[in-house]
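Below, each chain spelled out in residue letters.
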Amino acid sequence: MQYRSFGRLDWKVSALGFGCMRLPTTDGQRTSPIDEAEARRMVRHAIDSGVNYVDTAYVYHEGLSEAFVGRTLKDGYRDKVKLATKLPLWDVKGAEDFDRLLNEQLARLDTDHIDFYLLHALDKNRWRNVVLKYDLLSKAKAALADGRIRHLGFSMHDDYACLEEILVGGELFDFCQIQYNYMDIENQAGTRGLKLAASKGLAVVIMEPLLGG
């Protein structure tokens, strides 16, 4: 396995991570019940082969992915990886929802901390009318201080201007996740966004490098 520097953090990430959004299912449908035996075999094989970054989210597989990941990382596998999951911003209707959702995710994942916590699918509207409106960065700062999360980031599908706006007001962010592939380098944040985030010391995680598979 090849490893890369992860922004300004003193940690090396595997060049390939394992995303738990599209796991094998029992009947081959996209979100139907997870084929746990096969999915667990895949995730653990990846970790045994050197993958050290596992990504999930509150909504993946209709809310079943996080609990699956928690079960799969038993038997010592939790200590071998950095775990990433995401706050569903569309479910945040007030500041108190940050802690409610985070604590639910910790319980689902059966862990006392999340290494990399992302604000999920951040865009201009959610940045201004959810994150800033409810002062979620203060809630995140408290979660960083008490150890429930170790690093804060965000995922986004918006454009370069949106990324630029977020990075001006988001000093707490250590990393971000953007859609990027070599066939589509100007879509959404694009190459300019990739370079902008890197110039500010943020690690950049790439999603959908094969145009969503």
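A brief look at the structure comes next. Keep in mind that this is a model prediction, so the values were computed, not measured.

## A short note on the overall build of the protein chain
Summing up its helical and strand segments, the protein chain has eight helices and nine strands in all. In terms of overall size, the protein chain behaves like a compact globule, its C-alpha atoms giving a radius of gyration of 17 Å where 213 residues would be expected to give roughly 17 Å. Counting the 213 residues in the protein chain, one finds 50% classified as buried. The contacts of the protein chain with a sequence gap of at least 6 include a subset with a gap of at least 24, amounting to 72%. Of the roughly 10300 Å² of accessible surface on the protein chain, 51% is carried by carbon and sulfur atoms. Mean positive and mean negative side-chain charge positions of the protein chain (28 and 31 charges, respectively) differ by 2 Å.

## Describing the pattern of salt bridges
Scanning the entire structure with this criterion turns up 18 salt bridges. Residues joined by salt bridges that share partners form a network here, namely Asp-99, Lys-139, Asp-146 and Arg-148.

## Observations regarding the nonpolar core
Counting residues in hydrophobic clusters, the biggest one holds 52 residues, and the most contacted among them are Leu-87, Leu-119, Phe-154 and Phe-173. Setting aside chain neighbours within four positions, we find Phe-173 in contact with Arg-8, Leu-119, Trp-127, Leu-137, Leu-152, Gly-153, Phe-154, Ile-166 and Leu-202.

## Observations concerning the pairing of strand β1 (residues 3-6)
Strand residues, when the strand is regular, have side chains that alternate between the two faces of the sheet. Bridge analysis of β1 against strand β2 (residues 9-14) gives four bridges, and the strand direction is antiparallel. Note on β2: the bridge partner recorded for Phe-6 is Leu-9. Here β1 folds back onto β2 in antiparallel fashion, the turn holding two residues, of which Gly-7 has a positive phi close to 60°.

## Quick look at the environment of Gly-50
Mapped onto the elements, Gly-50 comes out in the loop between α1 (36-48) and β4 (53-55). On the accessibility criterion, Gly-50 (16% relative accessible area) is buried. Not counting chain neighbours up to four residues away, the residues in contact with Gly-50 comprise Met-1, Tyr-3 and Ser-14.

The rules behind each value
- Residues numbered from 1 in each chain as written.
- Predicted model: local features only at pLDDT ≥ 70, side-chain atom pairs only at ≥ 80, totals over all residues.
- Heavy atoms only, no water.
- Helix = DSSP H or I, 4+ residues; strand = E, 2+ residues; numbered from the N terminus.
- Rg over C-alpha atoms; globule rule 2.2 N^0.38 Å.
- Buried < 20%, exposed > 50% of the residue type's maximum accessible area, 1.4 Å probe, protein only.
- Contact = heavy atoms within 4.5 Å.
- Areas by Shrake-Rupley, 256 points an atom, 1.4 Å probe, with all protein chains shown as cover.
- Lys, Arg positive; Asp, Glu negative; His and termini not counted.
- Charge placed at Lys NZ, Arg CZ, Asp CG, Glu CD.
- Salt bridge = Lys/Arg side-chain N within 4 Å of Asp/Glu carboxyl O.
- Core = buried A, V, L, I, M, F, W, Y, C linked by side-chain atoms within 4.5 Å.
- Pairing = 2+ DSSP bridges.

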